[in-house]
Amino acid sequence: MANKSDKVSQLLEPWSDLKGKVVFITGASSGFGWDFSINLARAGCKLIVAARRVDRLDALCHLINNNFESTTSNAPLAVPVELDITSDPPVIEAAVQNAWTAFGNIDVLINNAGVRGGTKTTLDLSNDEWNRVFKINTNGAWLCSKYIGSRMRDAGKGGSIINISSIDGLNRIKGTGRLAYGTSKAALHAMTTQMAQELGTHNIRVNAIAPSIFRSEITKGLYEKKWLKNVFDAQVPLPFYFDAQVDPSLTELVRYLIHPASKYVTGNIFIVDGGNTLAGVPIWSSL
Ligand SMILES: NC(=O)c1ccc[n+]([C@@H]2O[C@H](COP(=O)([O-])OP(=O)(O)OC[C@H]3O[C@@H](n4cnc5c(N)ncnc54)[C@H](OP(=O)(O)O)[C@@H]3O)[C@@H](O)[C@H]2O)c1
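Residues numbered from 1 in each chain as written. Predicted model: local features only at pLDDT ≥ 70, side-chain atom pairs only at ≥ 80, totals over all residues.

Q: So what about the overall build of the protein chain? Which residues, and what values?
A: The secondary structure content of the protein chain amounts to 11 helices and seven strands. Radius of gyration (C-alpha) of the protein chain: 19 Å, near the 19 Å computed for a compact globule of 287 residues. Dimensions of the protein chain, computed from C-alpha atoms along their principal axes, come out at roughly 60 × 50 × 40 Å. For the protein chain, with 287 residues in total, the buried portion stands at 39%. Within the protein chain, contacts between residues at least 6 apart in sequence are counted, and of these 73% link residues at least 24 apart. (Helix = DSSP H or I, 4+ residues; strand = E, 2+ residues; numbered from the N terminus. Rg over C-alpha atoms; globule rule 2.2 N^0.38 Å. Buried ≥ 20, exposed ≤ 12 C-beta atoms within 10 Å, placed from the backbone. Contact = placed C-beta atoms within 7 Å.)

Q: Pulling in residues and values, what's your account of the nonpolar core?
A: Phe24, Ile25, Leu47, Val49, Ile110 and Cys144 are the most contacted members of the largest nonpolar core, which totals 71 residues. The element contributing the most residues to this core is helix 5 (residues 127–155), with eight residues. (Core = buried A, V, L, I, M, F, W, Y, C linked by C-beta atoms within 7 Å.)

Q: Describe in detail the site of the ligand, supporting the description with residues and values.
A: Surveying the vicinity of the ligand reveals 29 residues, the closest of which are Gly27, Gly31, Arg52, Arg53 and Gly114. The greatest single-element share of the shell around the ligand, amounting to three residues, is contributed by helix 2 (residues 31–42). Residue composition of the shell around the ligand, by class: 12 nonpolar, 12 polar and five charged. (Near = placed C-beta within 6 Å. Nonpolar A, V, L, I, M, F, W, Y, C, P; charged D, E, K, R; others polar.)

Q: Can you explain the environment of valine 236? Please cite residues and give values.
A: Structurally, valine 236 can be placed in the loop between helix 8 (228–235) and helix 9 (246–249). For the pair valine 236 and glycine 274, spaced 38 residues apart in sequence, the C-alpha to C-alpha distance is 6.5 Å. Once residues lying within four places of it in the same chain are set aside, the contact partners of valine 236 are Tyr241, Gly274, Gly275 and Asn276.

Q: Residue-level account of the packing of helix 5 against helix 6 (residues 179–199), with values.
A: Close contact between helix 5 and helix 6 brings their axes to 9 Å; oriented N to C, the two are set at 15°. Judged on the interaxial angle alone, helix 6 and helix 5 are roughly parallel. The interaxial crossing formed by helix 5 with helix 6 has right-handed handedness. On helix 6, the residues touching Glu129, Trp130, Val133, Phe134, Asn137, Thr138, Ala141, Trp142, Ser145 and Gly149 of helix 5 are Ala180, Tyr181, Ser184, Lys185, Ala187, Leu188, Met191, Met195 and Leu199. Here the residues of the contact of helix 5 with helix 6 sort into 12 nonpolar, five polar and two charged. (Axes fitted to C-alpha atoms, helices over the stretch in contact; angles between N-to-C directions. Parallel < 35°, antiparallel > 145°, perpendicular 65-115°, else oblique. Left-handed = near helix turned anticlockwise from the far one by under 90°.)

Q: Residues and numbers for the sheet that holds strand 5 (residues 159–164), please.
A: Taken in spatial order, the seven strands of this open sheet run 3-2-1-4-5-6-7, and their pairing is parallel. The sheet is open, and its two borders are formed by strand 3 (78–82) and strand 7 (269–272), each paired with just one other strand. Looking at each pair of strands side by side, their axes are set apart by 20° on average, direction ignored. Examined bridge by bridge, strand 4 (residues 108–111) and strand 5 share four bridges and lie parallel to one another. What sits directly across from valine 108, in strand 5, is serine 160. Together, strand 2 (46–51) and strand 3 form the strand contacts of helix 3 (residues 54–67), whose direction differs from that of strand 3 by roughly 175°. Strands strand 1 (22–26), strand 2 and strand 3 of the sheet are contacted by helix 4 (residues 89–103), whose axis makes an angle of about 165° with strand 3. (Pairing = 2+ DSSP bridges.)

Q: Any chance you could break down the packing of helix 4 against helix 5 for me, citing the residues and the numbers?
A: One way to put it is that helix 4 packs onto helix 5 with a least axis distance of 9 Å and a crossing angle of 45°. As the angle between them shows, helix 4 and helix 5 are arranged oblique. The chirality of how helix 4 crosses helix 5 is right-handed. Contacts from Pro89, Ile92, Glu93, Val96 and Trp100 in helix 4 reach Leu143, Cys144, Tyr147, Ile148 and Arg151 in helix 5. When the residues that make up the contact of helix 4 with helix 5 are grouped by side-chain class, the tally is eight nonpolar, no polar and two charged.

Q: Quick rundown of the pairing of strand 6 (residues 204–211)? Include the residues and the values.
A: With eight of eight residues buried, strand 6 is to be regarded as a mostly interior element. Of the two faces of strand 6, the one carrying Ile204, Val206, Ala208 and Ala210 and the one carrying Arg205, Asn207, Ile209 and Pro211 are both buried. As paired strands, strand 5 and strand 6 are joined by six bridges and run parallel to one another. Paired with isoleucine 162 across the two strands is asparagine 207, which belongs to strand 6. Regarding the hand of the β-α-β motif, the stretch spanning strand 5, helix 6 and strand 6 is right-handed. Sheet topology note: the strand 6/strand 7 ladder contains four bridges and is parallel. Within strand 7, the position partnered with proline 211 by the bridge is valine 272. (Right-handed = clockwise from strand over helix to strand, strands pointing away.)

Q: Which residues make up helix 6, and what values do they have?
A: Counted at 1.5 Å a residue, the expected span for helix 6 with its 21 residues is 30 Å, and the 29 Å between its end C-alpha atoms agrees. If you check which residues of helix 6 are buried, you get Leu179, Ala180, Tyr181, Gly182, Ser184, Lys185, Leu188, Met191, Thr192, Met195 and Leu199. In this structure, the buried side of helix 6 is in contact with helix 5, strand 5, strand 6 and strand 7. (Expected span 1.5 Å × (residues − 1).)

That's the geometry; what it means functionally is another story.
Structure follows, in structure tokens:
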């Protein structure tokens, strides 16, 4: 029987229970994708975890399947799918078909795989680097959306697509040397609203989450720099920014966008940055 705090959480945060939702997540082998997968397993989701590093995916599935209970008898809660999202479209479609067959359905796609690329400016960025960043951050997200979205449409049960973008894709912040990354994430924002428009008729919602820097596997080294806290304190309005963790700041939003509580929510870009990109704050405070 549910205890009192479970009941309260059910009433106030219904998205804490996502039992039975099938989630396909790209870039699950590290960082955000890894953290999202563990968190969603805790909420009862079934997971198809995709990336290129299969050893990491196996380790993630092992961790999930040994620590969280499946609601359906002996079926695993998480299964791995090897996928390079720069592959040719038929390869991606075949991986999606495998993923769909694993649980017979997919309710949610999280387009999380992404690369930052080098810090090259307009004048010294190579064509190859531009293409590589776009192929992963933008093209890959579109192809996964296309093949999963068409199956969601045919299944007639609706769905939710969540694109993990970045504050670098917003029109209110630009950093030198982020041409390919920032532009690819801005394209992901444009894609989010366009897809929301086109897929809404099939009850498929499409939203993006634009995070700033969070404590995660790939930012571990950065967080060890002594100066980082001073920079954050000077720039970012919310005081707890330095301690921002993927869970709960991003995970709660992901859960909400999966849950029917957000059934009227589509075409949005949710900025999660502690106010980092609010224009003017550091300028006025330093005068
Ligand atoms: N960390 C932050 O502070 C931050 C801030 C803003 C936005 N983001 C965004 O959040 C997302 C996740 O980033 P992260 O910080 O978690 O970085 P990460 O730890 O480097 O994770 C990136 C993931 O993308 C996958 N990936 C890369 N190239 C791929 C390809 N060709 N095919 C399939 N998968 C590929 C990687 O898996 P494999 O190498 O195994 O394929 C890995 O699992 C990215 O879209 C990133 O732009 C992160």
